[in-house]
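Reading the structure
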Amino acid sequence: MKDFLDGNEAVVRGAIDAGCDFFAGYPITPATQILLGMIRELPRVGGVAIQAEDEIASMGFCIGASMTGKRPMTATSGPGMSLYSENIGLAIMGEVPLVIVNVQRMGPATGGATTGAEGDVQFMRWITSGGYPLIVLCPRTVAETYTLTMKSFQLAEKFRTPVILLTEKDLAQTRESVEISEMKRIEVLARKSASTQGEFLPYKFNALSDIPAFSPIGGKYLVRFTTSIHDEKGELTIDPVKIDRKLRHLERKIMDAVDDISIVDADIQEGAETLIISYGVTARSVDEAIITARQNGKKVSSLAVLSLWPVPEKEIHRHLAGIRRVVVAEQNLGQYRIEIERIFHVKNPKSNDKVRESRDENSGRNDGEVIGVNKVTGEIITPQEILERAKLL
């Protein structure tokens, strides 16, 4: 069975099926259809959807809803993400599960409101102060947009953290025929609840990577909520030991799970010495380029990255074995190529900590080259441009 959908419609369906029961947003091209879809569909399943007075209020509403036990989502584009920035920091500090959809368009600033781009990749990693990790998923197709929307809710609830779904204008606003069977459903479990027995501390964890149990504001237990550094009770602290422990926890709960979060799709050809890495809508041009190259007798492999942050280093490194040339195709000036170059020159990582150690030790560099296929005209990179740059003609 098929349906005829665009990416924004897939986000709405994915959110509803994931149990989203609160949405707040402000109109902005090319994400407005998500706002309109949620206002239309969410009340039908008992949820609440609000058009807020601006982007800052939208994020504030979602944080408040989540802390009362709701499963919220908001959607915007690059300029809106700039306004979300401070409240995303609040959500990280307060360990607030919520899903944020960024439908990319050309930047900087207002840029091209109706023009596609993939220029927010590094922006999504470093969007707020402190440098603490965020989970960012990036679909290639409408079917994947549905599935990764549900996956975003799953990860947000599991890790008590904001999760960003990064799409872009061409995927969001282009309808295509979709096999319903390819829109895979993801089970979204409820966040870990506070025990009904004994004392409850709203930000308590034992191991640094543990996820604190949750009790809603207005519920059985007292829950303090603050944007400032705080202890396990939610009380402000200047104790260096407590500060260190809290901030390392914010990193470790994500980075210790990077292998579980990682999603890639590899198309490996035995004997190939060229690997094309891509993400988002550009990966579809790579698929066409791979078909053409192989028809012309060229050996080439491809790797699509669906979980951009944290970087799936082990998966990427595993597929670099035997590779002499890495080609990174993206609609920006090489934002993810920076990460690939770094990984390409680290040998044999055994764990995420080991990756960092070996990087520090400069334990050796792989031979070969990393080259980019980059375009910032607002047009999609074509298969021909990839073949030419990858020397596969």
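These notes cover the structure that comes with them. (Residues numbered from 1 in each chain as written. Predicted model: local features only at pLDDT ≥ 70, side-chain atom pairs only at ≥ 80, totals over all residues. Heavy atoms only, no water.)

1. Looking at the pattern of salt bridges
Across all of its chains, the model carries 27 salt bridges by this definition. Here R224 makes a salt bridge to E235, at a shortest N to O gap of 3.4 Å. Pair noted here: R224 is in the loop between strand 8 (176-179) and helix 8 (240-255) and E235 is in the loop between strand 8 and helix 8, with a separation of 11 residues, a long-range link. Owing to a relative accessible area of 33%, R224 belongs among the partly exposed residues under this scheme. By relative accessible area, E235 is classed as partly exposed at 31%. The network of salt bridges with common partners includes R40, E41 and R44. (Salt bridge = Lys/Arg side-chain N within 4 Å of Asp/Glu carboxyl O. Helix = DSSP H or I, 4+ residues; strand = E, 2+ residues; numbered from the N terminus. Buried < 20%, exposed > 50% of the residue type's maximum accessible area, 1.4 Å probe, protein only.)

2. Description of the packing of helix 3 (residues 55-67) against helix 4 (residues 78-93)
In a pair of packed helices, the angle between the axes and the distance between the axes together describe the arrangement. As a packed pair, helix 3 and helix 4 sit with axes 8 Å apart at the nearest point and diverge in direction by 30 degrees. Considered as vectors, helix 3 and helix 4 are oriented roughly parallel to each other. Here helix 3 and helix 4 pass one another in a crossing that is right-handed. Residues E55, I56, S58, M59, G60 and I63 of helix 3 pack against G80, L83, Y84, N87, I88, L90 and A91 of helix 4. Taken together, the residues of the contact of helix 3 with helix 4 break down into 8 nonpolar, 4 polar and 1 charged. (Axes fitted to C-alpha atoms, helices over the stretch in contact; angles between N-to-C directions. Parallel < 35°, antiparallel > 145°, perpendicular 65-115°, else oblique. Left-handed = near helix turned anticlockwise from the far one by under 90°. Contact = heavy atoms within 4.5 Å. Nonpolar A, V, L, I, M, F, W, Y, C, P; charged D, E, K, R; others polar.)

3. Some thoughts on the sheet that holds strand 11 (residues 301-305)
With mixed pairing, the 5 strands of this open sheet are ordered in space as 9-11-10-13-14. Both edges of this open sheet fall to strand 9 (264-267) and strand 14 (369-374), since each of them pairs with a single strand only. Here the average twist between neighbouring strands, direction ignored, is 20 degrees. Two elements, strand 10 (residues 274-278) and strand 13 (residues 325-330), share 4 bridges in a ladder whose sense is parallel. Following the sheet pairing, I276 is matched in strand 13 by V327. Its contacts with the sheet put helix 10 (residues 282-295) on strand 9, strand 10, strand 11 and strand 13, and the angle it makes with strand 11 is roughly 170 degrees. Helix 12 (residues 337-344) rests against strand 10, strand 13 and strand 14 of the sheet, and its axis sits at about 170 degrees to strand 14. (Pairing = 2+ DSSP bridges.)

4. Re helix 10
Between the first and last C-alpha of helix 10 there are 20 Å, a value that for 14 residues agrees with the 20 Å anticipated at 1.5 Å per step. Three or more residues of helix 10 are buried, namely T282, A283, S285, V286, A289, I290 and A293. For helix 10, the angular spread of buried residues about the axis comes to 145 degrees, placing them on one side. Next to the buried residues of helix 10 lie strand 9, strand 10, strand 11, strand 13 and helix 14 (383-389). In the stretch just after helix 10, G297 is the one whose phi turns positive, near 85 degrees. (Expected span 1.5 Å × (residues − 1). Arc of directions from axis to C-beta.)

5. Some thoughts on the nonpolar core
Ranked by size, the top nonpolar core spans 50 residues in total, and within it I88, L308, I316, V326 and Y336 carry the most contacts. With 6 residues, the single largest contributor to this core is helix 4. In contact with I316, not counting residues within four places along its chain, are I277, L303, V305, V311, I340 and I343. The next biggest cluster of nonpolar side chains, apart from the first, holds 45 residues, and it includes L5, V12, I135 and L155. (Core = buried A, V, L, I, M, F, W, Y, C linked by side-chain atoms within 4.5 Å.)

6. Focus on unusual backbone geometry
The omega angle of the peptide bond from G107 to P108 is 5 degrees, so this bond is cis rather than trans. Here the residue pair W309 and P310 is connected by a cis peptide bond, since its omega of -5 degrees sits within 30 degrees of zero. Mapping P310 onto the fold places it in the loop between strand 12 (307-309) and helix 11 (313-318). At E95, a position not held by glycine, the phi torsion is positive, near 55 degrees. On the basis of relative accessible area, E95 is assigned to the buried category, the value being 0%. Located in the positive-phi region is K391, a residue other than glycine, with phi close to 60 degrees.

7. Topic: the sheet that holds strand 12
Read across the open sheet, the 7 strands follow the order 3-2-4-5-7-6-12; overall the sheet is mixed. Of all strands in the sheet, those bounded by a partner on one side alone are strand 3 (48-51) and strand 12. Averaged over all neighbouring strand pairs, the angle between strand axes comes to 20 degrees, with direction disregarded. Sheet analysis places strand 5 (residues 98-104) next to strand 7 (residues 162-168), joined by 7 bridges and oriented parallel. By the bridge assignment for strand 7, N102 is matched with L166.

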